[in-house]
Amino acid sequence: MIIYDEQNLLFTLHTRNTTYQMKVDHYRVLLHTYYGPRMECGDLSGLIRYGDRSFSPNPNEAQYDRTYSLDVMPQEYSTCGVGDFRLPSVELELPNGSHSADLRYKGCELQKGKYTLPELPAFYGTEEEAETLILYLEDAAAQIMIELYFGVFEASDLITRSVRIINYGTETVRLCRCASLCLDFLRADMDLITFDGHHLMERCLDRSPLRSGIQSVGSIRGASSHQHNPFVILCDQHANEDTGLCYGAMLLYSGNFGAAAECSQYDSTRLVMGIHPYHFCWTLPPGESFTAPEAALVCSPNGFSQMSHQFHNAIRRNLLRDPYSYMRKPVLINNWEATYFDFTADKLLAIAKEASSLGIELFVMDDGWFGDRNDDNRGLGDWQVNETKLPGGLKSLVSKISDLNMTFGIWIEPEMVNEDSDLYRLHPDWVLHIPGRAPARGRGQLVLDFSRKDIRDHIYRQLQVVFSSAPISYIKWDMNRSLTDVWSAGLPAQRQGEVYHRYVLGVYDLLERLHTDYPHILIEGCCGGGGRFDGGMLYYTPQIWCSDDSDAIDRLRIQYGTSFCYPPCTMGAHVSAVPNEQNGRITPLKTRGIVAMSGAFGYEMDLNKCTVKEKEEIRQQIEDYKTYYELIRHGDYYRLSSPFENDLFTAWEHVSADKREALISFVASASRPASPFLKLYLKGLDPSLQYQIDHSEKTCSGSLLMQAGYPLPVVKGDYQAFQIYLKAK
Ligand code: DGJ
């Protein structure tokens, strides 16, 4: 609910559990007065204290009032160059060369339903689900109008933000910085949690107390990156899964980003999140505008679980555009780890045949089906089927796959090109490169200039021929290197600061075309695993390959970190062969199945190499997954223990919305002699209900399972795992 108090210029945004408030003050500066647990409140600007702070300048209109300074006041969208020395949200370069921004409130607009953003991913919502507030701020000297957008999703406690900058003047202005989100707190006693890592180990939780100065994460790799995720948490220092105030902030963006928390001189904190200012500069001629990517906030007064549930609910209901929203997703098999580039149609069909006999429903042909792609130094850019490997083309292969009662999916990496390809030989100038420099290679490949529509059109035309040659129901969109040599022949020198962002817009454009032209196709995102696992991609690709590390034990950390923001159904997770291809670890098949079925489930191995007993186990795993699908897809997800803190085991739980069903998964990460008797304290159950355990006669009350705990069996042997299914009587 949005309450606009016109007389006091007060804007109060209520969600089910939270309240967010802003107020326009007597100099028409837009103050941020409160964000936290829901309060039935009036004007909260009394929380802001004023005092003479030396070296904190006073705006000209404050005359000689030294107690009024932008440098210490909580603001909704921070400025620069005019007296606030903390993190700026916006920075304008005017024709006279000055750098600054000074904003004053001009007006507001309320709308039913959720605003949309041109060319950018965004949460969507009906009039019943969401409301929109637009606040207009003006920099009169620069003749710039700034529209701040707020989307309020009451049920999921989600508040979205975006910003549009409009040049209504007569001269060209340059935008050097444009954050999506600024959030000021009148306190500094908080922890910052970020999700960091590297290729093969993404989104590991990192928590540290804020200290004086700026703590930041970000990416200047052209993708949101394996190294840092565009999702951060600020929280009480004692916050845990169940208690404490915490704020999660996600950016729906798949390119360079920055998220910085600044703890400033008088114990206040500012969080700023948006496109990274590195090599960003947008030229705004008169009449033109720039829109910043969307950011989304959830505040939970009761710890991380509640925050995650609200992000998961909002993402599942109002962000994913998943052709499988209302039906069960097929269990897939992908041939990558089984064959790499070394395959023929017969080899693929042999894998598919075995898979189909075990209950697998979708066959995905990974890298290597096109051009001269027999290793990773050639072929990218030539999106024509290699008929030596696949005689009769896709049509013949897919018809044989259909005969096995399976649907078919295909891998692509449209943003890239190898020098050894027909495309590159014809258009060597289509790659990102700086004139006079030979561009750096990554995985032996170069990056196509996706900021250019003519190049995207060419790639799309090639892909359309492939996609229309046979029925395809799934696409895996990969991206296997970071951007370097970022310069585009499509833009003049003074506009090169737009290329990184235009590249991302180009990726979104092609994904949107795919979504529009082939709405029935499920697109899985991938970037060498989880190098572009972000809310922006999820709008187009409702699941993302979580990591190239398919080892079940490593996945405990990766999927645990990912779950703080993103729901399990978005995490591509496969059972792969042992010893594991990435780390050589041997884990039981059961453990691999339990870990993978907590995500978008599939297999990535040659099932012909399995023993009869293993095949029987796989058949049962698939049955189990189908049985538990609804619970895993739509249930509330609880992290019962952290793989970063508990070196004995990791456990998690899916609970149905009506609390009548739950699935608990447990994986032992170490086996010890004389091990302690362990208990699991379950969560989210109805204390008054009796739950039947694993279809047996044995029952326990919800209160007992949550308060006294469930005694775990003693496990022997490495990496044992099991599930417990609870159903209310
Ligand atoms: C990286 C992906 O993450 C893998 O799953 C696989 O698709 C390879 N690329 C193919 O080149």
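Keep in mind that this is a model prediction, so the values were computed, not measured.

Criteria and cut-off values
Residues numbered from 1 in each chain as written. Predicted model: local features only at pLDDT ≥ 70, side-chain atom pairs only at ≥ 80, totals over all residues. Heavy atoms only, no water. Near = heavy atom within 4 Å. Polar contact = N/O pair within 3.5 Å; in protein donor to acceptor, adjacent residues only side chain to side chain. Areas by Shrake-Rupley, 256 points an atom, 1.4 Å probe, with all protein chains shown as cover. Domains from an automatic or database assignment. Contact = heavy atoms within 4.5 Å. Buried area = accessible area lost by both parts, 1.4 Å probe. Salt bridge = Lys/Arg side-chain N within 4 Å of Asp/Glu carboxyl O. Helix = DSSP H or I, 4+ residues; strand = E, 2+ residues; numbered from the N terminus. Nonpolar A, V, L, I, M, F, W, Y, C, P; charged D, E, K, R; others polar. Buried < 20%, exposed > 50% of the residue type's maximum accessible area, 1.4 Å probe, protein only. Pairing = 2+ DSSP bridges. Axes fitted to C-alpha atoms, helices over the stretch in contact; angles between N-to-C directions. Core = buried A, V, L, I, M, F, W, Y, C linked by side-chain atoms within 4.5 Å.

Quick word on the site of the ligand
Right, on to step 1. Close to the ligand lie 13 residues, the nearest being D366, D367, K476, D478 and D548.
Right, on to step 2. D366 places a side-chain nitrogen or oxygen 2.7 Å from an oxygen atom of the ligand.
Right, on to step 3. Between K476 and the ligand, the recorded distance is 2.8 Å, taken from a side-chain N or O atom to an oxygen atom.
Right, on to step 4. When isolated, the ligand has an accessible area of 290 Å², and the protein chains bury 97% of it.

A look at the domain arrangement of the protein chain
Right, on to step 1. Partitioning the protein chain into structural domains gives domain 1 (2–318), domain 2 (332–634) and domain 3 (649–728).
Right, on to step 2. One C-alpha centre belongs to domain 1, the other to domain 2; they are set 34 Å apart.
Right, on to step 3. Tallying the contact residues gives 48 residues for domain 1 and 49 residues for domain 2.
Right, on to step 4. Carbon and sulfur atoms make up 59% of the surface buried where domain 1 meets domain 2, a total of about 3,900 Å² over both sides.
Right, on to step 5. Linking domain 1 to domain 2 there are 0 salt bridges.
Right, on to step 6. Those elements giving two or more residues to the side of domain 1 that touches domain 2 turn out to be strand 13 (201–209), strand 15 (231–236), strand 16 (246–251), strand 19 (282–284), strand 20 (289–291) and helix 1 (303–318).
Right, on to step 7. Broken down by element, the side of domain 1 that touches domain 2 gets its largest block of residues, 7 residues, from helix 1.
Right, on to step 8. Its residues assigned to classes, the side of domain 1 that touches domain 2 comprises 27 nonpolar, 14 polar and 7 charged.

As for the side chain of T19
Right, on to step 1. Topologically, T19 is positioned in strand 3 (residues 18–24).
Right, on to step 2. Relative accessible area serves as the criterion here: at 0%, T19 is assigned to the buried category.
Right, on to step 3. A polar atom in the side chain of T19 sits 2.9 Å from the side chain of H14.
Right, on to step 4. Polar side-chain contacts of T19 include one of 2.9 Å to the backbone nitrogen of M39.
Right, on to step 5. Ignoring sequence-local partners within four residues, the contact set of T19 consists of T12, L13, H14, Y34, Y35, G36, P37, R38, M39 and C41.

Looking at the pattern of salt bridges
Right, on to step 1. Following the criterion strictly, the structure yields 46 salt bridges and no others.
Right, on to step 2. A salt bridge links R38 to E40; the nearest nitrogen and oxygen atoms lie 2.9 Å apart.
Right, on to step 3. With a relative accessible area of 28%, R38 lands in the partly exposed category.
Right, on to step 4. The exposure class of E40 is exposed, given its relative accessible area of 65%.
Right, on to step 5. The salt bridge involving E61 is made with R104; its shortest N-O contact spans 2.7 Å. Taken as a pair, E61 in the loop between strand 4 (30–37) and strand 5 (90–93) and R104 in strand 7 (residues 104–112) lie far apart in primary sequence, 43 residues in all.

Concerning the sheet that holds strand 2 (residues 10–14)
Right, on to step 1. Read from one edge of the open sheet, 4 strands run 1-2-3-4, paired in antiparallel fashion. Two strands bound the open sheet, and with one partner strand each, they are strand 1 (2–5) and strand 4. Within this sheet the neighbouring strands show an average axis-to-axis angle of 10°, counted without direction.

Observations concerning the nonpolar core
Right, on to step 1. By size, the foremost hydrophobic cluster in this structure holds 202 residues, and its most contacted members are M365 and W369.
Right, on to step 2. Counting residues per element, this core draws most heavily on helix 7 (residues 499–517), which supplies 10 residues.
Right, on to step 3. Counting contributing residues per domain, this core is built from domain 1 (2–318) and domain 2 (332–634), each supplying no fewer than three.
Right, on to step 4. Beyond its immediate chain neighbours, meaning those up to four positions away, M365 contacts N335, F343, L348, L390, L394, L397, F408, G409, I410 and W411.
Right, on to step 5. Listed in part, the 26 residues of the second largest apolar core include V655, A662, L680 and I724.

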